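Chain and residue survey
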Amino acid sequence: MELAMDRAALEDFLARDFGQVAEDFAVERADATGVTLRLKVAERHLRPGGTVSGPAIFALVDVAIYLAILSRIGPVALAVTTNCAVDFLRKPEAGRDLLAEARLLKLGRRLAVGDVLVFSEGMAEPVARAGLTYSIPPR
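One structure accompanies this document, and this report is about it. All figures in this text were calculated on a predicted structure; none of them were measured in a lab.

Some words on the nonpolar core
Among the nonpolar cores identified, the biggest contains 41 residues, and L67, L70, L98 and V118 are the most heavily contacted of them. For this core, the secondary structure elements donating two or more residues are α1 (7-17), β1 (25-31), β2 (34-39), α3 (54-73), β6 (98-107), β7 (111-120) and β8 (128-135). At 13 residues, α3 tops the list of elements feeding residues into this core.

Structure (structure tokens):
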């Protein structure tokens, strides 16, 4: 399947439409299998105990699946999350960026369903797993 937005277009979209958070993320990959998104972990993403906070991980998985959807349908700023379930599997290390591997399971006209695995950079085992559903506005 041909992409509607490549890695560079997704990064431009983030910077233009979501400038308040764009600097936290970097699109590492966008292809037919999905999107890899990096969370540039900083002090503001940490919680006591030296680990990345749950809200920071939620933001990462939410933005990752959003970009995976946009990579297929183009820049639809009003697509929104309708469901998200996150399983926290292991403690992410505070000194490492997080990488989210997002893939779409179903892309319909009104709903998109996907899953995301989150890894601490350099670690083989995932630190979190999420399933998300997005609502796509009518064209």
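A few points about the side chain of D62
Note on placement: D62 falls in helix α3. For the buried D62, which has no salt bridge, the nearest side chain bearing the opposite charge is R129, at an N-O separation of 13 Å. When neighbours within four sequence positions are excluded, D62 is seen to be in contact with T81, L132 and Y134.

Thoughts on the sheet that holds β1
Taken together, the six strands give an open sheet; going across it, the order is β1-β2-β6-β7-β8-β5, and neighbouring strands pair in antiparallel fashion. Only two strands of the sheet have a single neighbouring strand rather than two, namely β1 and β5 (80-88). Each strand axis lies, on average, 20° off the axis of its neighbour in the sheet, ignoring direction. Sheet topology note: the β1/β2 ladder contains six bridges and is antiparallel. Residue A30 lies in a different strand from β2, and its bridge partner there is V35. Against the sheet, α1 makes contact with β1 and β2, and its axis sits at roughly 145° relative to β1, the strand it touches most. Along the sheet, α3 contacts β1, β2, β5, β6, β7 and β8; its crossing angle with β6, the most-contacted strand, is approximately 45°.

Criteria and cut-off values
Residues numbered from 1 in each chain as written. Predicted model: local features only at pLDDT ≥ 70, side-chain atom pairs only at ≥ 80, totals over all residues. Heavy atoms only, no water. Core = buried A, V, L, I, M, F, W, Y, C linked by side-chain atoms within 4.5 Å. Buried < 20%, exposed > 50% of the residue type's maximum accessible area, 1.4 Å probe, protein only. Helix = DSSP H or I, 4+ residues; strand = E, 2+ residues; numbered from the N terminus. Lys, Arg positive; Asp, Glu negative; His and termini not counted. Salt bridge = Lys/Arg side-chain N within 4 Å of Asp/Glu carboxyl O. Contact = heavy atoms within 4.5 Å. Pairing = 2+ DSSP bridges. Axes fitted to C-alpha atoms, helices over the stretch in contact; angles between N-to-C directions.

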